[in-house]
Every structure is written in structure tokens, then in C-alpha cells.
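Residue-level structural notes
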Amino acid sequence: MGDGPMATTHRSEIYGNAIKLLDELPEGSVVLDSDGDAWQKQDVRWTSVVRGANTELMGSNSLAILTPLTVVHRGFEVRQVRQGAVTEHGEAKSR
């Protein structure tokens, strides 16, 4: 494909799709970057699982640069159910 306008458009589309994917994943999700390093979502930021506390949290736009990304674990979404408890899988428990 080369480095022409089509290549630039393709790269920016991949980057945009990666940001969207990362933003939509729930907290606790884990992805692998292009180097095989694992990143876990904490609130709306991502931290390196390998480097742990020594790594600054970074936004989806920064992590999206490290494509391709592979989702290896999808975190659990916590949803509230009126007059009931919710399991970690989002299913209502009867009382």
C-alpha cells in the first residue's frame, strides 16, 4: 500500500478504532499490546501489568498507538438493579 494518502487514512482508522475499543471496555479489562505487554484498565486509564506501580496511568489514546491490541480479559460491568443485588456477571440475584 505504501506511504501515500490511503496508508495514512488506513492507519488513522485503525488508531480511531483502537481508541473506541479501549474506551468501551469495562474496568478490569486486560489487553496485550504489539510487544506482548499486558495493560489493565483502572477506571478510565490503563496501567502496565508488568511494570505495575512504576508506570504512569495512560489514556486510551496513548495505548492505541501500540496496536495491534488483543483483548485477553473483559472486566465485569457493574450494573445496578432496582430492589435487587447484582452478581459480578451483571445478573440479578433473587432475595
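So, a few notes on the structure that sits alongside this text.

1. Comments concerning the environment of Glu-77
The topology assignment puts Glu-77 in the loop between β4 (70–73) and β5 (85–86). With relative accessibility at 42%, the residue Glu-77 sits in the partly exposed group. Between the C-alpha atom of Glu-77 and that of Pro-26, which follows or precedes it by 51 residues, the distance is 5.7 Å.

2. Quick look at the sheet that holds strand β2 (residues 38–42)
Pairing within the open sheet is antiparallel, and its four strands lie in the order β3-β2-β1-β4. Bordering the open sheet on either side are β3 (45–48) and β4, each of which pairs with just one other strand. Taken pair by pair, the neighbouring strands of this sheet meet at an average axis angle of 35°, ignoring direction. One ladder, built from three bridges, connects strand β1 (residues 30–32) with β2; its direction is antiparallel. Bridge assignment links Leu-32 to a residue of β2, and that residue is Ala-38.

The rules we used
Each residue is numbered by its place in its chain's sequence as written, counting from 1. With pLDDT at 70 or above as the cut-off, local features in this predicted model cover only qualifying residues; side-chain atom pairs require 80 or more to be listed or tallied, and sums for whole chains, interfaces and linings still use all residues. Side-chain descriptors were evaluated using all non-hydrogen atoms of the structure, hydrogens and water having been removed beforehand. Going along the chain from the N terminus, every DSSP run of H or I of four or more residues is numbered as a helix, and every run of E of two or more is numbered as a strand. A simple rule labels every residue: compare its accessible area, found with a 1.4 Å probe on the protein chains alone, to the largest value its type can have, and call it buried under 20%, exposed over 50%, or partly exposed in between. For two strands to be treated as a pair, DSSP must find no fewer than two bridges joining them. Helix axes are fitted only over the stretch in contact, all axes being lines through C-alpha atoms; the angle between N-to-C directions runs from 0 to 180 degrees.

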